[in-house]
Every structure is written in structure tokens, then in C-alpha cells.
Amino acid sequence: MNDLDLDNLFSLTLRDSGQVALIDGNTKKIVNIVKTGYAVHISRMSASGRYLYVIGRDARVNLIDLWMEVPDNVAEIKIGLEARSVETSKYKGYEDKYAIGGSYWPPQFVIMEAETLKPLKVVSTRGVTVDTQEYHPEPRVASIVASKFHPEFIVSAKETGKIMMVDYSDLVNLKITSIDAAPFLHDGGLDSTGRYFLVAANTSNKIAVVDTKDDKLVSLIDVGVKPHPGRGANFVDPVYGPVWATPHLGDDTVALIGTDPVKHKENAWKVVRKLKGQGGGALFVKTHPKSQNLWVDTPLNPDEKFNSTVAVWDIKHLDKGYDIIPVGKWSGLPGPMRVVHGEYNKAGDEIWFSVWRAKDKESAVVVIDDKTRKLKAVIKDKRLITPTGKFNVYNTKNDVY
């Protein structure tokens, strides 16, 4: 019902106003401001690209139909009191059939009808931890990813350190394969082939690797202090082959993990390279298959020199170190500010960063030409209140990161 280039639409979290801004990636204009839960953590796309799902920290899930004349809410549900994860079924034959939300409290996940958010199955995550085998009454659901190899959701329970492969092909006779990983599971994403799921066990300082085809733990990899990958970043290292990258909250390194057990078996599931970045307090790393850049933010670093800038490496020349991009300065806004969460457009020739200031201050989104690393545009609007994460429809739908 609209003429928007939906594949290049961005869903931008407006954290403190309890909204998302839908922004046209071509014109850089706001299409709509949609009321959602508070502090939306992630936006996820249905397999068809029609439905956008967002979940707030207050556990409110909103279903936005992008095919409407003006994309807007068509359903919402509260799956608990506090949450952070939502995903949709991606396996062939189950497109747009199921959605899942994971909550911090109560400790549970909820499988819903994708087109209405009608709850179909509520499953508790209470259980024993993988290390001390002690009962934990409230293991929070951290990341959720949809498998490409089976009709399964990959659900990470934070405190117990268990990764659950939830088979949604039969909700009455529900089958869950429980994989022991490491405590304090957090965010994660798929490797470039879509077969392997890499997830941070942040306070354990490890990355767990799961083979989503065989539903087995592949490796637990020691990395830096408190890894925080978001969904990570996939690219080909000129020396070590395909890798997946994570920065860290607790130190200044970026760990590159080999992900090719076939052609680069000697490098698979090892930290093959550690890049030294600006400092700790990093939240997200980003690249794109059409880019030669690797971008890392540091919004939680206490030093304004670091939290208002980003570091960028040339993937072909990683040994040369990083350049600093003054994103905050380019916004034209006064400090203090935090520059957070790079996201590419569909074409992979632009990267967008949020310039996050207090809710009573003006904020912005800065668009950078990826090839030249020069300023391309600054998006300002009084409705852009505390912008943080942003998600391109095409990249999110196709797990491009």
C-alpha cells in the first residue's frame, strides 16, 4: 500500500520516549514514529519482510506491518515485566508463522502466532547451572536467533548458561535440545554461512559456538574481558580466512575468531587475531560483505574522546591499526554524547551511527560514506529522542552483519 523501498528502511530505537522511528534509507526522512515499549532493545524482521517486531525492556512486543500505507502497529502484547529478545520463524515452510519473545522476568519465553501475537506456548527457563549444577530460580532469556537448518529457535538462558534448541514444528509435543555452554550468556549471532551460532558468555569471558545443523556445542573460546558482540561481524581476514569479531566491555581488544572448519581447519574456533582498539566500553562491531571497513564503537567508555568517536580498521590491512572518526563532532551537537551502534544500509555503502544525548537534549543520526569514511548526512529531528540501536530491514531479515 506504499511506495517505500522497504528493504532499505531503518527501524531506529528512541530509547527513553518508548518509540521507534521508521526512517527511509534513501531520502533520510522519517516515515513514522511508532509507539512501542520502553527502551526497545532490538528490532527483528519476519522472513517475508512484511512484519517488523520490536521488544522493549518492559517486555512489550509490538508488531508493525510495513505494507500499510503508513507502516504502524497492528498488534502488541506484554510477555512479562522485563525483557530484551524477540525473533521470528525463518525455516522453510514456517515463514511468518511463529514469533518468540524471551523475558528477564518472569524467567520464560513465549511462542506466539506471528501475525497476531496470540500467545501459544509459555516455557519456563528455571533450572540448574551448567557449572556448579545448582538450581537457579530466575535465569533470564538473553539472545534468541532463528535456525536456518531446522524449525528451531536458539534460546540462550543467561544464568544457567544453557542454549536451548526449541523445535517449533510441534508445540503440543515440544522438543527442546539443551546444550551446556557457560554462565552469563548474552548477545550473539551467526557466522557467515548461517550454520554456527556464536554467543558471548560475558562474565565468563568466553564465546560459545553451537553447530545449528547438528545441534551440538562446538567450542568454548576464551576471549577478552566481558565480550559484547551484538550480533558480531563476519568478514574474511587476509591471513586467517573467514572470521567473526567481538569487541569487549572490559578491555580495549577486538577478538577475531576463525569460523571455517573446512578450508581453514587450523584456525577454526580459535582467536586468530586480537586488535587493539580505543578502549573498553565497546558495545557493537560492524562490517558488511561489500565493505572493507570494520567499525567499533565505545559508548560506555568514560572518556569523552572515546565515547563520542568510533574506530575503523581497513580489513585488508588490519596490522596498520585503526583510524578515529569524530562522529559526535560531525553531528554538530555539543557534548556530552555517546556514539553507538553502526548499521549499514542495504547497498553496504553507508554506515549510520546514533548520537545519543539526554532525553531533554537534541540528538542525531550521522550517516557516513563507507568507502571514503567522510560525512554524508546528519539526520536531525526534535522527535529523535535518545536514539540508540538501528536495524536495516534487508540486513536484519537476511542476517547480514
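Quick summary incoming for the structure in this document. Keep in mind the model is a prediction, meaning the values are calculated, not measured.

A few words now on the overall build of the protein chain. When you go through the protein chain residue by residue, the secondary structure sums to three helices and 34 strands. Each of the 401 residues in the protein chain was classed as buried or not, and the buried ones make up 61%. Taking as baseline every contact in the protein chain between residues at least 6 positions apart, the subset at least 24 positions apart corresponds to 48%. Counting only carbon and sulfur atoms, one obtains 50% of the accessible surface of the protein chain, whose full area is about 15,500 Å².

For Asp58, the position within the fold is in the loop between β5 (51-55) and β6 (60-65). Among residues more than four places away in sequence, those in contact with Asp58 are Gly37, Tyr38, Lys78, Gly80, Leu81 and Glu82.

Before going further, it helps to spend a moment on the pattern of salt bridges. Across all of its chains, the model carries 21 salt bridges by this definition. A salt bridge links Asp319 to Arg273, with the nearest nitrogen and oxygen atoms 2.9 Å apart. Within this pair, whereas Asp319 is found in the loop between β28 (310-314) and β29 (322-325), its partner Arg273 is found in strand β25 (residues 271-276), the two being separated by 46 residues in sequence. The buried category is assigned to Arg273, whose relative accessible area is 12%. Note that Asp381 and Arg383 form a salt bridge whose closest N and O atoms lie 3.0 Å from each other. Salt bridges here are not isolated pairs; linked through shared partners, they connect Asp7, Lys346 and Lys397.

This part is about the sheet that holds strand β8 (residues 82-88). Pairing in this open sheet of four strands is antiparallel, and the strands run β8-β9-β10-β11 from one edge to the other. Both edges of this open sheet fall to β8 and β11 (119-124), since each of them pairs with a single strand only. Strand-to-strand, the axes of this sheet are offset by a mean angle of 20°, without reference to chain direction.

A few words on the side chain of Asn307. Among the structural elements, Asn307 can be located in helix α1 (residues 304-307). A relative accessible area of 6% places Asn307 in the buried class. Ignoring anything within four residues of it in the chain, the contact list for Asn307 reads Thr298, Pro299, Asn301, Pro302, Met337, Arg338 and Val339.

Of all the six residues making up strand β32 (residues 364-369), five are buried; the element is thus mostly covered by neighbouring parts of the structure. Bridging between strand β31 (residues 350-356) and β32 involves six bridges; their strand directions are antiparallel. Among the inter-strand pairings, Ile351 is bridged to a residue of β32, identified as Ile368. Alignment of β32 against strand β33 (residues 374-379), held across five bridges, turns out to be antiparallel. Across the sheet, residue Val365 finds its bridge partner in β33, namely Ile379. The turn linking β32 back onto β33 is made up of four residues, and Arg373 within it adopts a positive phi angle of 60°.

Relative to β11, strand β10 (residues 108-113) runs antiparallel, the two sharing five bridges. Each residue of the ladder has a partner; that of Gln108, found in β11, is Ser124. What sits between β10 and β11 in their antiparallel hairpin is a turn of five residues, with Leu117 showing a positive phi close to 70°.

By the definition in use, this model includes seven aromatic pairs. Taken together, a centroid distance of 5.3 Å and an interplanar angle of 75° make the contact between Tyr94 and Tyr168 edge-to-face. Residue Tyr94 is located in the loop between β8 and β9 (98-105), and its partner Tyr168 is located in the loop between β16 (162-167) and β17 (175-180); the two are separated by 74 residues in the primary sequence. By way of ring pairs, the aromatic residues Tyr94, Tyr98, Phe153 and Tyr168 are connected into one cluster. In this structure, Arg140 is placed above the aromatic ring of Tyr104, and the distance from its NZ or CZ to the ring centre is 4.8 Å. Across the ring face of Tyr394, the terminal group of Lys346 is positioned such that the distance to the ring centre comes to 5.0 Å.

What follows is about unusual backbone geometry. Peptide bonds are mostly trans, and most non-glycine residues show a negative phi. Cis geometry marks the peptide bond from Trp105 to Pro106; its omega dihedral reads -10°. Relative to the helices and strands, Pro106 is located in the loop between β9 and β10. Across the junction of Gly335 and Pro336, the peptide omega takes the value -5°, indicating a cis bond. Relative to the assigned elements, Pro336 resides in the loop between α2 (327-331) and β30 (338-344).

Parameters and conventions
Residues numbered from 1 in each chain as written. Predicted model: local features only at pLDDT ≥ 70, side-chain atom pairs only at ≥ 80, totals over all residues. Heavy atoms only, no water. Helix = DSSP H or I, 4+ residues; strand = E, 2+ residues; numbered from the N terminus. Buried < 20%, exposed > 50% of the residue type's maximum accessible area, 1.4 Å probe, protein only. Contact = heavy atoms within 4.5 Å. Areas by Shrake-Rupley, 256 points an atom, 1.4 Å probe, with all protein chains shown as cover. Salt bridge = Lys/Arg side-chain N within 4 Å of Asp/Glu carboxyl O. Pairing = 2+ DSSP bridges. Axes fitted to C-alpha atoms, helices over the stretch in contact; angles between N-to-C directions. Phe/Tyr/Trp six-rings, centres within 6.5 Å; stacked < 30°, edge-to-face > 60°. Lys NZ or Arg CZ within 6 Å of the ring centre and 35° of its normal.

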